[in-house]
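Understanding the architecture of this molecule
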Amino acid sequence: MVQEDMMSFLKSSKASQMSCDEVAQFLDTDLRSGLSSVDVDSRRVVHGWNEFEIAEEEPLWKKYLGQFKDPLILLLLASAFVSICMRQFDDAVSITVAIIIVVTVAFVQEYRSEKSLEALQQLVPPKCHCVRNGRLETFLARHLVPGDIVHLSIGDRVPADIRLSEAVDLAIDESSFTGETQPANKTSVTIGNNKSNGITHRKNTAFMGTLVRCGNGKGIVIGIGENSEFGDIFKMMQAEEAPKTPLQKSMDTLGKQLSFYSFCIIGVIMLLGWVQGRHLLDMFTIGVSLAVAAIPEGLPIVVTVTLAIGVMRMATRKAIVKKLPIVETLGCVNVICSDKTGTLTKNEMTVTQISTADGLHAEVSGVGYNENGDVIYNNETVRDNTHPSITKVIEVGCVCNNAEINTGSLRGQPTEGAMLAVALKMNIPNIRNQYIRKQEWPFNPDTKMMAVLCETKSDRKEDVYFVKGALEKLLQRCTQYYYRGAPLPLTAAQEQNFLYEASRMGVAGLRVLAMACGSSMNELMYVGMVGIIDPPRPGVRESIRTLIASGVSIKMVTGDAEETAAAIGSRLGLHAVGGHTLSGDQIDQMDIAQLQRVINLVTVFYRATPRHKHKIVKALQNNGSIVGMTGDGVNDAVALRSADIGIAMGKGGTDVCKEAADMILVDDEFCTIMSAIEEGKGIFYNIKNFVRFQLSTSIAALSLIALSTMMQLPNPLNAMQILWINIIMDGPPAQRYFISGGRIRFLTLYDIVRF
């Protein structure tokens, strides 16, 4: 029995429906004393370490040799080999030098891009607090095994999947995992068996890699490493093959077509020479010349150098590209699926509206946990105590608050940090220092309120309750409302007015937080409410408008509720009232063919999980779209890998997200994508024009040699001369246009004749 338990781990979907005692019994552990050292050693043999097995990085020599897999490069190698066999060493050397230039430029640029990403941190948090042998110890998280008892406190990264046995005011930021902006309030209560037991519904489970924002707790480790929910995403990402870029597909097709046609032409010419009775060695020499003529040697060089220049240009625009062909893919992208939290928005809760009980409506500007911005009422800036009604709302929000802001960094709940930021903007940062806290009642999902009992520091020493929470719950405890500095009796009509105002904010996508205070919890005075939102990043709306105007479709994919997702979509200009939205549950009910039929009409996807995001990308690709996917969280990694180009956030992005992406935005600015696409489109058109020009040169050389052979004339061009024309005469003029950023338009034979 013990051996079977040691072999076991629990998925969070099952553990959340079991009581703590049942989980402890299943994993053969003790909630008070934890595991013994002997148990830990035995379980580690079975479960291994709490980490992910990442494939060893390829050695440099293998990466360099991998550059020779290009079909055009292989054709050139074959030509060089034939030249050596015929003892035409000057031709062989010329071809080999051209090949080495191409593969070296490509290898060096990709190596430089990879080196710029070496600062990634570990995916699993380094340390944890765990009970073993009856003692609380601190050690590396990789040492955890199923059955360990882990303690969590504010600021901790959750080291494994944990079934909580205790949760005191515990709120965990799961935005990188689920896409939810608001931290999830956790409990130790067993969850009933229902069909919609998704990640966001498992309130008694803490997931690996998430961040404790508030409170403390402890629980039983139920899954580590690849057996965690995080591990499921990691395995999906590892199993997903990154698709070839449009340029790679085109070059592969071009290489195969050139190979086929050149061998056919060489065969016909050699047959013709044999019929004419010409010497076999002469025909081999002509064959090599034909092969070299058929292959546009300048094309790989120009394309590689052009892409390398594009990568360097993008680096100056704060975009790191991992692989050279990705630069051209940007020019082909016609659909961008973007994660909301942290990508389109800042993932920083911000108060944007204040509504007081006596009817004042103030707007708040500025983003982030700092003093940048103003509170504006009736075109006047609210500072200090110029508007007592507004100050009263912020006072309650700051006193009933456990967060702290230090130099723009928040420690605590994002909503509470938003209230402190407003106080900074109003120049009242020390407003809560006027009171001494005596008791606290943490936020409770049932009461939907948080309350504190404080004593004033004045001579009168009064006890005051400060309460914040859901408006409908607060109004049930209010008997008065604050009106121009004095309390008035709260009437039913006045309650309806307050509820209407809250409804207006809710429709706009704001999270409403109501404030009240008083001498008794059952006789409170309502003072007002604030509207909070995770605001769009600066410049995102303008970038989206420009991208849509240029033919790129934008789709927002988020884990948020429909109302919030639609409201943000409207603010960003990518979703109109009455527009189509699709939920994760609806995607589950569709097969890929059904999703393909409706997906082009949908602009907002809500309640989306990693599997949903992956399915959305596949449906778009099946419709023939070139898909770019942006994201910053663990939940975006699989979709980033499967998209034609995955784009990760450099500052706020998780490490697994950066690992899966093809391009990283150093400054996290969505508008950087627009600049990158502009660069990519220029490169795409330049390469397209150069291919036409280079092929026309190859056709001219082929025709000249073929006609000379048919007319029994000496071979006019040898391999070295053709290489000189393709690389030296055609390459530098074309490269000059690429470097200057212009678009090339070459004269064709038709242009010359017409002229």
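Anyway, here's the lowdown on the structure attached to this text. (Residues numbered from 1 in each chain as written. Predicted model: local features only at pLDDT ≥ 70, side-chain atom pairs only at ≥ 80, totals over all residues. Heavy atoms only, no water.)

With mixed pairing, 8 strands are arranged side by side in an open sheet as β8-β28-β27-β26-β9-β23-β25-β24. Edge strands, defined here as strands with exactly one partner in the open sheet, are β8 (319-321) and β24 (580-583). Pairs of neighbouring strands in the sheet enclose a mean axial angle of 20°, with direction left out of account. Note that strand β9 (residues 335-339) and strand β26 (residues 627-631) share 4 bridges and pair parallel. Its bridge partner being in β26, I336 is matched across the sheet by G628. Relative to the sheet, helix α13 (residues 325-332) contacts β8, β27 (645-649) and β28 (663-665), its axis offset from that of β27 by approximately 100°. This element, helix α26 (residues 671-710), spans β8, β9, β26, β27 and β28 of the sheet and lies at about 135° to β28. (Pairing = 2+ DSSP bridges. Helix = DSSP H or I, 4+ residues; strand = E, 2+ residues; numbered from the N terminus. Axes fitted to C-alpha atoms, helices over the stretch in contact; angles between N-to-C directions. Contact = heavy atoms within 4.5 Å.)

This next bit is on the pattern of salt bridges. In a structure, side chains of opposite charge can pair up when their charged atoms sit close to one another. With the rule as written, the count across this model stands at 13 salt bridges. A salt bridge links D339 to K613, with the nearest nitrogen and oxygen atoms 3.5 Å apart. Of this pair, D339 sits in strand β9 while K613 sits in helix α23 (residues 610-622), and the two are 274 residues apart along the sequence. With respect to class, D339 is no different from K613; both count as buried. One salt bridge connects K468 with E416, and the closest N-O pair in it is separated by 3.0 Å. Of this pair, K468 sits in strand β18 (residues 463-469) while E416 is found in helix α16 (residues 414-425), placing the two residues 52 residues apart along the sequence. In this structure, K468 and E416 share a single accessibility class: buried. (Salt bridge = Lys/Arg side-chain N within 4 Å of Asp/Glu carboxyl O. Buried < 20%, exposed > 50% of the residue type's maximum accessible area, 1.4 Å probe, protein only.)

Counting through the fold element by element, S338 comes out in strand β9. A distance of 2.7 Å separates polar atoms of two side chains, one belonging to S338 and the other to T630. Leave out the neighbours within four places in its chain, and S338 touches T343, L344, K555, M556, V557, T630 and F670. (Polar contact = N/O pair within 3.5 Å; in protein donor to acceptor, adjacent residues only side chain to side chain.)

Glancing now at helix α4 (residues 37-47). Every buried residue of α4 is listed here: V40, R43, R44 and H47. Each buried residue of α4 lies within a common arc of 110° when the element is viewed along its axis, so the set occupies one face. The exposed residues of α4 that point more than 90 degrees off its buried face are V38 and V45. After α4 finishes, the residue G48 shows a positive phi value of roughly 75°. (Arc of directions from axis to C-beta.)

As a further point, take the environment of A648. Among the secondary structure elements, A648 is positioned in strand β27. Among the residues examined, A648 registers a relative accessible area of 0% and is labelled buried. On a C-alpha basis, the gap between A648 and A660 in space is 8.3 Å, while along the polypeptide they are 12 residues apart. Setting aside residues no more than four positions away along its own chain, A648 makes contact with G631, C657, K658, A661, M663, I664 and L665.

Side chains of strand β11 (residues 361-364) alternate between two faces, with A362 and V364 buried and H361 and E363 left unburied. With 3 bridges joining them, strand β10 (residues 350-356) and β11 adopt antiparallel strand pairing. Paired with I354 across the strands is A362, a residue of β11. Hairpin connection, β10 to β11: the antiparallel pair is bridged by 4 residues, and G359 has positive phi, about 90°. Pairing analysis gives 2 bridges linking β11 to strand β12 (residues 375-377), with the strands arranged antiparallel. Looking at β12, one finds that E363 is bridged to I376.

Moving on to the packing of helix α19 (residues 540-549) against α26. Two numbers describe how α19 lies on α26: the axes approach to 8 Å, and their chain directions differ by 30°. Judged by the angle between their axes, α19 and α26 are roughly parallel. You can see that α19 and α26 cross each other, and the crossing is left-handed. Counted together, S543, T546 and L547 of α19 and C671, M674 and I677 of α26 form the full contact between these two elements. A breakdown of the residues in the contact of α19 with α26 according to their chemical character gives 4 nonpolar, 2 polar and no charged. (Parallel < 35°, antiparallel > 145°, perpendicular 65-115°, else oblique. Left-handed = near helix turned anticlockwise from the far one by under 90°. Nonpolar A, V, L, I, M, F, W, Y, C, P; charged D, E, K, R; others polar.)

Take a nonpolar patch on the surface next. Side chains of L707, M710, M711 and L713 sit close together on the surface and give an oily, nonpolar patch of about 410 Å² of accessible area. By the secondary structure assignment, L707 is in helix α26. Relative accessible area serves as the criterion here: at 48%, L707 is assigned to the partly exposed category. (Patch = residues over 30% accessible without salt bridge, like charges linked within 9 Å, V, L, I, M, F, W, Y side chains within 5 Å. Areas by Shrake-Rupley, 256 points an atom, 1.4 Å probe, with all protein chains shown as cover.)

One can find S12 in helix α2 (residues 12-15). Look at S12 and you get buried, because its relative accessible area is 1%. Looking at S12, its side chain comes within polar contact range of the side chain of E229, at 2.7 Å. Apart from residues no more than four positions distant in its own chain, S12 is found in contact with R202, T205, F207, I222 and E229.

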